[in-house]
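Residue-level listing of the chains:
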Amino acid sequence: MPITVVGSIAYDAVKTPFGERERMLGGAAVHFALAASFFEEVLVVGPVGDDFGESELEVMRRRGVDVSDVERVSGGKTFFWRGEYGWDLNSRETLDTQLGVFEGFQPKLSARSRESDVLFLANILPDLQLEVRGQLPDARFVALDSMNLWIDIARDQLVKAIESVDCLILNDAELRQLTGKPNLVSAAREILSWGPKVIVAKQGEYGAALVTNEGFFALPAYPMENVIDPTGAGDTFAGGFVGYIAAHPGEVLSDEMLRRAMAHGTALASFNVEEFGTERIERLTGDEIAARVDELHAITRFSGAPLQLRG
Ligand code: AMP
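Below is a summary of the structure that appears in this document. (Residues numbered from 1 in each chain as written. Predicted model: local features only at pLDDT ≥ 70, side-chain atom pairs only at ≥ 80, totals over all residues. Heavy atoms only, no water.)

So, the overall build of the chain
Inclusion rule: Only DSSP runs of H or I covering at least 4 residues are called helices, and only runs of E covering at least 2 are called strands; the numbering of each starts at the N terminus. Both definitions apply: the radius of gyration is a C-alpha atom measure, and the globule rule equals 2.2 Å times residues to the power 0.38. For the exposure calls, accessible area comes from a 1.4 Å probe over protein chains only, and a residue counts as buried if that area is under 20% of its type's maximum, exposed if over 50%, partly exposed in between. Contacts were defined at the residue level, with two residues in contact if any of their heavy atoms lie within 4.5 Å. With residues, only the protein chains shown are counted as cover, and all accessible areas are computed by Shrake-Rupley using a 1.4 Å probe. Neither His nor the chain ends contribute to the count of charged residues, in which Lys and Arg are positive and Asp and Glu negative. For the purpose of locating charges, the reference atoms are NZ of Lys, CZ of Arg, CG of Asp and CD of Glu.
What the chain contains, in helices and strands, is 12 helices and 13 strands. A globule of 311 residues ought to have a C-alpha radius of gyration of about 19 Å, and the chain, at 19 Å, matches this closely. Seen through its principal axes, the chain has C-alpha atoms that stretch 75 × 40 × 35 Å. Across the 311 residues that make up the chain, the buried fraction comes to 54%. Of the contacts made within the chain by residues no fewer than 6 positions apart, 64% connect residues no fewer than 24 positions apart. Carbon and sulfur atoms provide 50% of the accessible area of the chain, an area that totals close to 13,800 Å². The centroid of the 29 positive side-chain charges in the chain is displaced by 3 Å from the centroid of its 47 negative side-chain charges.

Here is the structure:
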């Protein structure tokens, strides 16, 4: 089932201890779309400026992504983000965010984008997320990502947006910030009471946790020795996770299938961090993803130990 994604399409300037890029293709919607394109057709909705290159659109087209709802705003500038990572890549500082064409953006979804059964509201202004959610009232599965900026300056709108979706995907620190609860499981349980049925807590290099009314599941990140640039790992995870769900339309949204979706998101995110921006995902293959999911399975399973415990 096709997936519609709305979110940033960006130029990123990124510095990590292993190098830097001054102007590379980025944006939450782009990272998501490239990852999800391994599972289903993806339609991207979002604005770009005059400065956005054909070759960047071609990166998405080559993966079969439908970019006909990417709106070129004449006289506008593409969203720009600049970030720098600390020595262990766990801390990231945002040095500049220029909304550019996102200021005043009114999403206009084509009939095709509105027909998708699955919708991903990537990290953008909560008002825009609500607006797009309203244009796909019958979508079977809607997931939403956000960030601390919107919790700080638009919390009420963000809560409304979260109430309208099936799944929230957020960093663990942001889940705590959003709910004011220091405990991650309590924070997730509180959000389940708002409406969503699935909460995914992203935990950076430690992986991701899944909380539903049925239970709890956690997967570590795939152990990588050479992490070059984590930018977009969260959106790439979301692309694998949501993409897997979209590709299994007949299946009940059980914890079993959500766990498999988590494994695919985790595998995709691990490739994303191997190189800068979208570089690695651009030449990734389905076989490589499948092999990494198998490896992830092998390193996370253990058998029950029939051990006689003392006491
Ligand atoms: P992640 O590393 O998964 O948090 O995603 C990083 C991507 O998000 C980058 O490619 C940025 O272009 C994009 N991004 C950063 N800040 C924002 C923002 N305020 N709104 C929308 N997208 C953003």
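A look at the sheet that holds strand 11 (residues 198-202)
Heads up, the condition is: Here, strands pair whenever DSSP counts at least two bridges between them. Axes here mean lines fitted to C-alpha atoms, for a helix over just the part in contact, with angles spanning 0 to 180 degrees between N-to-C directions.
Pairing in this open sheet of nine strands is mixed, and the strands run 5-4-1-8-9-10-11-12-13 from one edge to the other. Each edge of the sheet is formed by a strand with only one pairing partner; in this case those strands are strand 5 (70-72) and strand 13 (216-219). Between one strand and the next, the sheet's axes are offset by a mean angle of 15 degrees, whatever the strand orientation. The pairing of strand 11 with strand 12 (residues 208-212) spans five bridges and is classified as antiparallel. Note that in strand 12 the partner of Ala201 across the bridge is Ala209.

Examining the sheet that holds strand 6 (residues 79-85)
Strand pairing within a sheet occurs via backbone hydrogen bonds; the two strands may be parallel or antiparallel. Strand order in the open sheet formed by four strands is 3-2-6-7, with mixed pairing between adjacent strands. Only two strands of the sheet have a single partner each, and these edge strands are strand 3 (19-26) and strand 7 (92-98). Averaged over all adjacent pairs, the angle separating strand axes in this sheet is 15 degrees, with direction ignored. Bridge analysis of strand 2 (residues 10-16) against strand 6 gives six bridges, and the strand direction is parallel. Opposite Asp12, over in strand 6, you have Trp81 as the bridge partner.

Remarks on the pattern of salt bridges
Definition in use: Criterion for a salt bridge: a side-chain nitrogen of Lys or Arg within 4 Å of a carboxyl oxygen of Asp or Glu.
Counted under the stated rule, the structure contains 17 salt bridges. The salt bridge partner of Glu274 is Arg292, with a shortest N-O separation of 3.0 Å. Of this pair, Glu274 sits in the loop between helix 10 (255-272) and helix 11 (279-282) while Arg292 sits in helix 12 (residues 286-300); the two residues are 18 residues apart in sequence, bridging distant segments of the chain. Of the two residues, Glu274 and Arg292, neither departs from the other in class, the shared state being buried. Shared partners join several salt bridges into a network, and the residues in it are Glu274, Arg280, Glu288 and Arg292.

Remember that the coordinates give geometry; whether it matters functionally is a separate question.
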